[in-house]
Amino acid sequence: MTSHPFTARHAGVAAIAFLIALVFLGMAWELFLAPMKPGGSWLVLKVLPLLAALQGVLRGRRYTYKWSTMLIWLYAAEGALRTYTDTGLSARLAFLESMLAAGYFGAAVAFVRLTRRA
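Note that the coordinates shown come from a computational prediction; the quantities given were computed from them, not determined experimentally.

1. Some points on the overall build of the protein
A tally of helices and strands in the protein yields four helices and zero strands. Helices and strands in the protein line up, N terminus first, as α-α-α-α. Projected onto its principal axes, the C-alpha coordinates of the protein cover approximately 55 × 25 × 20 Å. Expressed as a percentage of its 118 residues, the buried residues of the protein come to 42%. Summarising the internal contacts of the protein: among those between residues at least 6 apart in sequence, 67% fall at separations of at least 24. Split by element, the accessible area of the protein, about 7,200 Å² in all, is 69% carbon and sulfur.

As structure tokens, then:
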């Protein structure tokens, strides 16, 4: 039996990278890149659930990976919606948000599948 080239460790590292990028994107977007209101927006608080997930993801907790795959679709949906309703930089950031969310979902699902016990 040959080993799979894409391991649970690879999936975990990819998920962590996507999640951290999504946190930084959300903070930068709502604080200074393209906030809803000049000077920053309270929408920056949308990263708090991601920070809660990040703690468990960094520790490799399968349960966190599982529930965060449901949570991440809120960010993908926000990104998709704002891609079509916003303009300029905000629309591009929204597209990036949806891509990062989709990337996280794929990596998290791969991690859960690859760490499944037979």
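Next comes the rest of the account.
2. Quick look at the nonpolar core
Formed by 27 residues in total, the largest nonpolar core has its most connected members in L19, L22, L50, Y65, I72, Y75 and Y104. Listed by contribution, the elements that provide at least two residues to this core are α1 (8–33), α2 (48–58), α3 (62–85) and α4 (88–114). Ignoring anything within four residues of it in the chain, the contact list for Y104 reads A15, F18, L19, V57, Y65, S68 and I72.

3. Some thoughts on α1
The complete set of buried residues in α1 reads A11, G12, A15, L19, L22, V23, L25, G26, A28, W29 and E30. Looking at the buried positions of α1, the neighbouring elements they touch are α2, α3 and α4.

4. Observations regarding the pattern of salt bridges
Under the definition given, this model contains six salt bridges. With a shortest N-O distance of 3.3 Å, E30 and K46 are connected by a salt bridge. In this pair, E30 sits in helix α1 while K46 sits in the loop between α1 and α2, placing the two residues 16 residues apart along the sequence. For R82, the salt bridge is made with E78, and the minimal N-O distance between the two is 3.1 Å. Linking R82 with E78, this pair stays in helix α3, spanning four residues, or about one helical turn. With respect to class, R82 is no different from E78; both count as buried.

5. Some details on α3
Think of an α-helix as 3.6 residues a turn; residues three or four steps apart then line up on the same face. The end-to-end C-alpha separation of α3 is 35 Å, in line with the 34 Å expected for 24 residues at 1.5 Å each. The sharpest bend along α3 measures roughly 35 degrees and falls at T69. All of the buried residues along α3 are T64, Y65, S68, T69, L71, I72, Y75, A76, E78, G79 and R82. In this structure, the buried side of α3 is in contact with α1, α2 and α4.

6. Re the confidence of the model for the protein
With 96% of its residues at a pLDDT of 70 or more, the protein has an overall mean of 92. Put simply, α1 is where the protein has its lowest mean pLDDT, 95, and α4 is where it has its highest, 97.

7. A closer look at a nonpolar patch on the surface
Taken together, the side chains of L31, F32, L33 and L89 present a nonpolar region at the surface, about 370 Å² in accessible area. Among the elements that make up the nonpolar patch, the one with the highest residue count is α1 (three residues). Secondary-structure assignment places L33 in helix α1.

What counts and how
Position labels on residues start from 1 in each chain and follow its written sequence. Totals for whole chains, interfaces and linings use all residues, but because this is a predicted model, local features are given only for residues with pLDDT of at least 70 and pairs of side-chain atoms are given and counted only at 80 or more. Note that water and hydrogens are dropped before the side-chain values are worked out from all heavy atoms of the structure. Here a helix means four or more residues in a row that DSSP labels H or I, a strand means two or more in a row labelled E, and each is numbered from the N terminus. When accessible area is computed with a 1.4 Å probe and restricted to protein chains, residues below 20% of their type maximum are described as buried, those above 50% as exposed, and intermediate ones as partly exposed. Only heavy atoms enter the contact rule, under which two residues are in contact if any of them lie within 4.5 Å. Here the open area of atoms and residues is found with the Shrake-Rupley method and a 1.4 Å probe, where only the protein chains shown may cover a residue. Remark: nonpolar core denotes a set of buried residues (Ala, Val, Leu, Ile, Met, Phe, Trp, Tyr, Cys) joined through side-chain atoms within 4.5 Å. Here a salt bridge means any side-chain nitrogen of Lys or Arg lying within 4 Å of a carboxyl oxygen belonging to Asp or Glu. Expected helix span is taken as 1.5 Å per residue step, with the number of steps being one fewer than the number of residues. Axes are fitted to the seven residues ending at a residue and to the seven starting at it; the angle between these axes is taken as the bend at that residue. pLDDT is defined as a per-residue confidence score from the predictor, taking values between 0 and 100. To count toward a patch, a residue needs a relative accessible area over 30% and no salt bridge; like charges are then connected within 9 Å, while nonpolar side chains (Val, Leu, Ile, Met, Phe, Trp, Tyr) are connected within 5 Å.

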